[in-house]
Amino acid sequence: MPEKTQLVLNAFLMTAGHHESAWRLPENDTSRVRDVAYFQDLARTAERGLLDSVFFADHPGLGQVARRPAELPDPVLLLTAMAAVTERIGLVATASTTFSEPYNLARAFASLDLLSGGRAGWNVVTTAAEQAAANFGDGPLPTPAERYARAQEFLDVVLGLWGGWDDDAQLADKERGVWIDPDRVRTLDHVGEHFRVKGPLNVGRSPQGHPVVVQAGSSPAGIELAGRYAEAVFTAQPTLEEGRAFYATLKAAAVRAGRNPDHVKVLPGVVPVIGGTEAEARDLERRLDELVVLDHPLEQLAEMTGLPVERLELDAPLPQDIRPVEEVRSISSRYRLVVDLARREDLTVRQLLLRLGGGRGHRTFTGTPEQVADTIEQWAAAAAADGFNVMPPVLPAGLEAFVDHVVPILQRRGLFRTEYAGSTLREHYGLPVPATGAPAAAAALTA
């Protein structure tokens with residue numbers, strides 16, 4: 001982390017919390033996860049803590065309905081409702097380049113950006129799930145190479161549409177009867193392998209220019225895509241050494257793309273299990289782990305590793321004869337992360353499943369607010385992060401604990417703001433406003 005640069009803190013929100021069994025805690029009111037007021041309250045809590053942004057992941061399918069709250073409204077609609085009750089906090093949502101069309105996506109996020117006063121961000125994913133593919137026709141899931149080729153063209157189109165409006169295109173000249181200067185809004189006229197999009201977009205520029213481009217993916221193809229386009233990267237890095245290596249690799253990819261590496265914020269995920277004392281934090285961790293139902297995660301692990309379920313003994317290590325990563329058609333970086341975690345820490349299958357249930361491979365830290373702040377500061381000082389994707393294990397309690405007890409420590413150490421200096425997501429992240437100009441709008445991100 002560059003000297004004197006403060007941390008970026010994003011709150012990654014997930015229904016009842018990131019821990020697999022958060023919803024099963026007696027004190028957790030599961031009825032609230034279908035109430036818009038619940039999500040609005042979470043946004044207000046995050047803004048009270050002066051966090052940079054809130055984030056909702058998304059998946060174009062129902063997912064595994066048995067083990068945790070599976071319903072999630074369209075995140076752009078959800079964030080629009082949250083925008084109505086907040087003033088500063090950024091609003092980031094996932095949308096897939098594999099199962100979306102560029103014009104519709106560009107319009108939805110530009111609308112959120114405009115209506116929120118420049119607070120929107122788009123988390124770009126290519127979606128590596130057969131279940132999702134089954135919702136969009138009869139064909140198989142595209143290969144990783146096909147998904148990333150489509151994603152690159154998809155981003156070029158979206159950025160071109162967003163860059164097609166000049167900041168001063170809207171005249172609203174009552175005297176002459178002219179609403180928009182047609183010379184300041186350009187068509188895109190894109191013709192490519194995957195898309196034909198004429199444009200222009202029917203939504204103009206926001207105070208931050210256009211939404212911040214976020215990316216999540218740690219495979220070589222994902223890193224190259226992020227190096228070219230992303231302005232922030234959400235990543236799972238379970239150890240400091242892996243975090244430092246990823247940070248350096250991602251920044252180097254940005255440099256190769258001709259970009260300023262300081263304009264790509266690396267935000268590893270951290271799942272903070274917080275207690276007033278270490279004993280209290282460990283007790284919460286224990287309570288959560290005791291409520292995990294292992295049947296379905298065991299089936300998922302068997303499918304991932306290519307072994308029958310009966311070969312995975314809960315109290316034995318992961319067998320050696322699992323499938324090699326080269327045979328994994330999708331989510332190869334995720335598979336490597338899981339296997340490396342099991343081997344590095346010599347975990348039993350039960351321990352591995354509990355670790356994955358707590359944070360799905362992200363760094364999980366259990367301790368006091370002071371200890372959580374210590375590990376955050378350590379990673380920032382070691383050039384392993386520009387900030388963090390904070391993943392509360394239980395909501396709303398985990399977010400409240402982070403805001404009320406960890407944030408003040410980071411503020412006292414000079415690592416985090418004591419008031420918002422700006423009103424847009426770009427201002428929070430310390431990013432420049434992109435230039436206009438279609439169809440070469442992707443060049444705006446190289447500034």
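Because the structure is predicted, anything quoted here is derived from the model rather than measured.

Student: So what about the overall build of the chain? Which residues, and what values?
Tutor: The helix and strand inventory of the chain stands at 14 helices and 13 strands. Taken over the C-alpha atoms alone, the chain extends approximately 75 × 50 × 45 Å along its principal axes. In the chain, buried positions account for 54% of the 447 residues. A separation threshold of at least 6 residues defines the contact pool for the chain, and within that pool the share at least 24 residues apart is 76%. Here the chain has roughly 19,100 Å² of accessible surface; of this, 51% comes from carbon and sulfur atoms. Looking at charge distribution, the chain has the averaged site of its 44 positive side-chain charges lying 2 Å from that of its 59 negative ones.

Student: An account of the environment of Arg-287 is needed here, citing residue identities and associated values.
Tutor: With respect to the helices, strands and loops of the structure, Arg-287 is situated in helix 8 (residues 278-290). The exposure class of Arg-287 is partly exposed, given its relative accessible area of 26%. Sequence-wise, Arg-287 and Glu-153 are 134 residues apart; in three dimensions their C-alpha atoms are separated by 47 Å. Not counting residues up to four positions away in its chain, the partners in contact with Arg-287 are Leu-25, Pro-26 and Glu-27.

Student: I'd like a description of the pattern of salt bridges, backed by residues and values.
Tutor: Under the defined criterion, the tally for this structure stands at 24 salt bridges. Put simply, Asp-283 and Arg-286 hold a salt bridge, and the shortest N to O gap is 2.4 Å. One end of the pair is Asp-283 and the other is Arg-286, both in helix 8 and three residues apart, which spans about a single turn. Exposure remark for Asp-283: the relative accessible area of 33% places this residue in the partly exposed category. What makes Arg-286 partly exposed here is its relative accessible area of 40%. Notably, a salt bridge pairs Glu-377 with Arg-413, separated by 2.8 Å at the nearest N-O pair. Here Glu-377 is found in helix 12 (residues 369-381), whereas its partner Arg-413 is found in the loop between helix 13 (397-412) and helix 14 (425-429), with 36 residues between them in sequence. In this structure Glu-377 comes out as partly exposed when scored by relative accessible area, which is 30%. Overlapping salt bridges, with partners in common, bring together Glu-370, Asp-374, Glu-377 and Arg-413 in one network.

Student: I'd like a description of the packing of helix 5 (residues 144-162) against helix 6 (residues 220-229), backed by residues and values.
Tutor: Interhelical geometry of helix 5 versus helix 6 gives an angle of 15 degrees and a closest axis separation of 11 Å. Between helix 5 and helix 6, the angle falls in the class roughly parallel. Classified by chirality, the crossing of helix 6 by helix 5 is right-handed. Contact residues: helix 5 offers Tyr-148, Ala-151, Gln-152, Leu-155, Asp-156 and Leu-159, while helix 6 offers Ala-221, Gly-222, Leu-225, Arg-228 and Tyr-229. Counted by class, the contact of helix 5 with helix 6 contains seven nonpolar, two polar and two charged residues.

Student: Report on the packing of helix 6 against helix 7 (residues 240-256), specifying residues and quantitative values.
Tutor: Look at helix 6 against helix 7: their axes get within 7 Å of each other, and the N-to-C directions meet at 55 degrees. Classified by the angle their axes make, helix 6 and helix 7 are oblique. Where helix 6 crosses over helix 7, the two elements pack in a sense that is right-handed. Residue-level inspection shows Ile-223, Glu-224, Ala-226 and Gly-227 of helix 6 in contact with helix 7, the latter providing Phe-246, Thr-249, Leu-250, Ala-253, Ala-254 and Arg-256. When the residues that make up the contact of helix 6 with helix 7 are grouped by side-chain class, the tally is six nonpolar, two polar and two charged.

Student: Requested: an account of the pairing of strand 9 (residues 212-216), with residues and values cited.
Tutor: With four of five residues buried, strand 9 lies mostly within the body of the structure. Inspection of the sheet shows strand 4 (residues 120-125) paired to strand 9 by four bridges, in the parallel sense. Residue pairing in the sheet places Asn-123 in a bridge with Val-214 of strand 9. Sheet topology note: the strand 9/strand 10 (residues 232-235) ladder contains three bridges and is parallel.

Parameters at a glance
- Residues numbered from 1 in each chain as written.
- Predicted model: local features only at pLDDT ≥ 70, side-chain atom pairs only at ≥ 80, totals over all residues.
- Heavy atoms only, no water.
- Helix = DSSP H or I, 4+ residues; strand = E, 2+ residues; numbered from the N terminus.
- Buried < 20%, exposed > 50% of the residue type's maximum accessible area, 1.4 Å probe, protein only.
- Contact = heavy atoms within 4.5 Å.
- Areas by Shrake-Rupley, 256 points an atom, 1.4 Å probe, with all protein chains shown as cover.
- Lys, Arg positive; Asp, Glu negative; His and termini not counted.
- Charge placed at Lys NZ, Arg CZ, Asp CG, Glu CD.
- Salt bridge = Lys/Arg side-chain N within 4 Å of Asp/Glu carboxyl O.
- Axes fitted to C-alpha atoms, helices over the stretch in contact; angles between N-to-C directions.
- Parallel < 35°, antiparallel > 145°, perpendicular 65-115°, else oblique.
- Left-handed = near helix turned anticlockwise from the far one by under 90°.
- Nonpolar A, V, L, I, M, F, W, Y, C, P; charged D, E, K, R; others polar.
- Pairing = 2+ DSSP bridges.

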